[in-house]
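# Commentary on secondary and tertiary structure
So the chains spell out like this:
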Amino acid sequence: MTEAVPQKTCQKLWGGRFAEDVDPDFHNLNKSIDIDKRMYAEDIQGSIAYARALCRAKLLSLEETQKIDTAFKQVLAEWDNGEFIINHEDEDIHSANERRLSELIGDVAKKLHTGRSRNDQTVTDTKLWLRKSIDKLSFRLKTFIEVLVTRAEQDIDILMPGYTHMQRAQPVRWSHWLLSYAWYAKEDLERLLEVRKRVNILPLGSGAIAGNPFPIDRSFLAIELGFDKITENSMHTVGDRDFVAEFLFWSSLSSVHLSRFCEDLIIYNTQEFNFIQFADKYSTGSSLMPQKHNPDCMELIRGKTGTILGKCVGFMTTLKGIPSTYNKDLQEDKETIFHTYDILYQMYHIAEKALATLKINRNSCKNALTSDMLATDMAYYLVRKGIPFRQSHHLVGEAVALAESKGVPLSELTVPQLKTIRYNQVFLEIKVLLRKNILILKYGYFSEVFEESISSIWDFNLSVDQYTTVGGTSFKAVQQQINSLRFWLRKLSFKK
Ligand code: ARG
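The text that follows walks through the structure, step by step, so that each part is easy to find. (Residues numbered from 1 in each chain as written. Predicted model: local features only at pLDDT ≥ 70, side-chain atom pairs only at ≥ 80, totals over all residues. Heavy atoms only, no water.)

### Observations concerning the side chain of Asp240
- Residue position: Asp240 is located in the loop between α9 (234–239) and α10 (242–269).
- It is Lys127 that comes nearest to the buried, bridge-free Asp240 among opposite-charge side chains, at 5.1 Å.
- Separated by 2.7 Å, the side chain of Asp240 and the backbone nitrogen of Asp242 make a polar contact. (Helix = DSSP H or I, 4+ residues; strand = E, 2+ residues; numbered from the N terminus. Buried < 20%, exposed > 50% of the residue type's maximum accessible area, 1.4 Å probe, protein only. Lys, Arg positive; Asp, Glu negative; His and termini not counted. Salt bridge = Lys/Arg side-chain N within 4 Å of Asp/Glu carboxyl O. Polar contact = N/O pair within 3.5 Å; in protein donor to acceptor, adjacent residues only side chain to side chain.)

Structure representation (structure tokens):
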């Protein structure tokens, strides 16, 4: 007597060995279609290429390949037009597309997955999607840098206090400050293009873990899908999400730069500073205080940076405990990169628009400059008279203290007052040995160091323009930065 075969009820792609269907609550946890449907076009693109590779390997006839190709174009159109109906059984975008393909062309569709696994399929789709998204982000970064450079050129004559420790340090050009962020963004873009190189390596053809046993031409697949290289270890390929981690770290670092940029602007926008004002269209008011004009555009960017950092840490935490090759934990990658990309794209877009439209109050910037910020210039005045810098620094420190004790700005100290600060020049030092002790005798004289000519240093424009070395804040050096950034920008071509 033969044993009764249990009735199989599970209709999933993998349902053959299952006697019962999955618990609906587990199905809800397991399914990723609501998230990964965003890669529908990439999934179709990958499948069409795979069908062509199967055809070259003689596993599909030309006619069958043609059928798959045509049907997939219809599936693509259904997605594009919002007509694709997601079935309750569709676990992810891969199963949904294949199910629809079967509905359209029947059994031919069942040959498509020959030698392929969702393990190599999902990485392929993710890489195709990320590559496209990196290109869009590159365009945003480039545009952001262009706005920084354009504004820097327009307002190159505006001077403002430069800060260290949030204390007035030295006068700088507003453009010098602006361009400091252009350099961050330039390096961010260069780093992103590095990440892109590792994204653009073809995973397809790795199967579930061991590779592909059919004569699938992976070089052909790479060309079809625009990948630069092919992965060289199938176990590594299906378990590797370093390209995701790299993108998340890149997003974290570049959003930290944006966040610092926004923080500066939020401070410059306070009534206390009043250096800049944001356009109404990027500001919000208060439902209670009628006078408010809040820089929410900047605060949101600063705030969302925290979310992006969290995504990076979250995914790294997901990765850390996973044994080698594919494990379902990796399914978390999609939501993480989609969310990170969406936020970051918006952040760059808004940063760029808010910057392009903000108003700079040149008088407030100028009025914020105070003569104590030229204390370093005063020290350089003494250096030029032959006094070593350390002593010059000390003597000017005395002048600062004197001005403070008199309650006047540094530049208001009179020359007679300044002449009370004297330099103790040692010109003779005699060491006398007295039993076991050494007696040191120093002969010297005190000289006045400040003269009438000190008045020449109280000019902020002259001060700024002495920093002519590459990277300085002089007109010439800032113009040089603009030229060099423009030269670099001209070599880039990214599409929206
Ligand atoms: N939805 C899955 C993911 O994104 C596809 C891979 C599923 N593979 C598997 N062996 N269950 O990771």
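### A closer look at the environment of Cys297
- Note on placement: Cys297 falls in helix α11 (residues 296–320).
- In the structure, Cys297 is positioned 74 residues away from Ile223 in sequence and 42 Å away in space, judged by C-alpha atoms.
- Contact partners of Cys297, with chain neighbours within four places excluded, come to Phe278, Tyr282, Ile350 and Ala354. (Contact = heavy atoms within 4.5 Å.)

### Focus on the site of the ligand
- If you check the shell around the ligand, you find Ser32, Asp36, Asp92, His94, Arg118, Asn119, Thr122, Tyr326, Lys328, Gln331 and Lys334 and nothing else.
- Tyr326 places a polar side-chain atom, nitrogen or oxygen, 2.4 Å from an oxygen atom of the ligand.
- Here a nitrogen atom of the ligand and a side-chain polar atom of Gln331 are 2.7 Å apart.
- Within the complex, 86% of the 340 Å² of free accessible area of the ligand lies under protein.
- If one sorts the elements of the shell around the ligand by residue count, helix α6 (residues 118–154) sits on top with three residues.
- Of the residues belonging to the shell around the ligand, the class tally is one nonpolar, five polar and five charged. (Near = heavy atom within 4 Å. Areas by Shrake-Rupley, 256 points an atom, 1.4 Å probe, with all protein chains shown as cover. Nonpolar A, V, L, I, M, F, W, Y, C, P; charged D, E, K, R; others polar.)

### Regarding the packing of helix α4 (residues 62–80) against helix α5 (residues 93–105)
- In contact at an axis separation of 10 Å, α4 and α5 are set at 120° when each is read in the N-to-C sense. If you check the angle between α4 and α5, you find them oblique. Handedness of the crossing formed by α4 with α5: right-handed. For the pair α4 and α5, contact is made by Lys67, Ile68, Ala71, Phe72, Gln74, Val75, Glu78 and Trp79 and by Ile93, Asn97, Arg100, Leu101, Leu104 and Ile105, respectively.
- Here the residues of the contact of α4 with α5 are counted per class, giving nine nonpolar, two polar and three charged. (Axes fitted to C-alpha atoms, helices over the stretch in contact; angles between N-to-C directions. Parallel < 35°, antiparallel > 145°, perpendicular 65-115°, else oblique. Left-handed = near helix turned anticlockwise from the far one by under 90°.)

### So, the nonpolar core
- Of all hydrophobic cores here, the largest spans 108 residues; its most connected members are Trp174, Phe247 and Leu265.
- No other element matches the 14 residues that α6 contributes to this core.
- In this structure, Trp174 is in contact with Asp155, Ile158, Met160, Leu265, Tyr268, Ile276, Leu358 and Ile360, ignoring residues within four places of it in sequence.
- Met378, Ile387, Val449 and Phe450 belong to the second largest nonpolar core, which has 21 residues in total. (Core = buried A, V, L, I, M, F, W, Y, C linked by side-chain atoms within 4.5 Å.)

### Notes on the environment of Gly285
- The residue Gly285 is located in the loop between β5 (276–277) and α11 in this model.
- Judged by its relative accessible area of 52%, Gly285 falls in the exposed class.
- Distance from Gly285 to Pro295, taken between C-alpha atoms, is 9.1 Å for residues 10 residues apart in sequence.
- Not counting chain neighbours up to four residues away, the residues in contact with Gly285 comprise Lys292 and Asn294.

### Remarks on the pairing of strand β2 (residues 167–173)
- As judged from the six bridges shared by strand β1 (residues 159–164) and β2, these two strands associate in the antiparallel manner. By the bridge assignment for β2, Pro161 is matched with Pro171.
- Taking the residues that link successive antiparallel strands as the turn, the β1-β2 hairpin has two residues, and the phi of His165 there is positive, at about 55°. (Pairing = 2+ DSSP bridges.)

### Looking at the pattern of salt bridges
- Under the defined criterion, the tally for this structure stands at 33 salt bridges.
- Notably, a salt bridge pairs Glu153 with Arg486, separated by 2.8 Å at the nearest N-O pair. In this pair, Glu153 sits in helix α6 while Arg486 sits in helix α18 (residues 475–490), placing the two residues 333 residues apart along the sequence.
- The class for Glu153 is partly exposed, based on a relative accessible area of 33%.
- Given the relative accessible area of 26%, Arg486 is considered partly exposed.
- It is possible to trace a salt-bridge network through shared partners that takes in Glu78, Asp90, Arg99, Arg100 and Glu103.

### Considering the environment of Glu332
- Tracing the sequence through the fold places Glu332 in helix α12 (residues 332–357).
- Between the alpha carbons of Glu332 and Ile44 there is a distance of 21 Å; along the sequence they are 288 residues apart.
- Sequence-distant contacts of Glu332, that is, excluding residues within four places in its chain, are made with Phe315 and Thr318.

### Considering the packing of aromatic side chains
- Enumeration according to the criterion identifies 20 aromatic pairs in this entry.
- Ring plane angle 55° and centroid distance 5.7 Å describe the contact between Tyr163 and Phe273, whose orientation is recorded as tilted. Here Phe273 lies in the loop between α10 and β5 and Tyr163 lies in strand β1, a separation of 110 residues in the sequence.
- Each member of the aromatic cluster is reached from another via a ring pair, and the members are Phe144, Tyr163, Trp174, Trp177, Tyr181, Tyr184, Phe261, Tyr268, Phe273, Phe275 and Tyr348.
- The ring centre of Phe243 lies 5.0 Å from the NZ or CZ of Lys127, which sits over that ring. (Phe/Tyr/Trp six-rings, centres within 6.5 Å; stacked < 30°, edge-to-face > 60°. Lys NZ or Arg CZ within 6 Å of the ring centre and 35° of its normal.)

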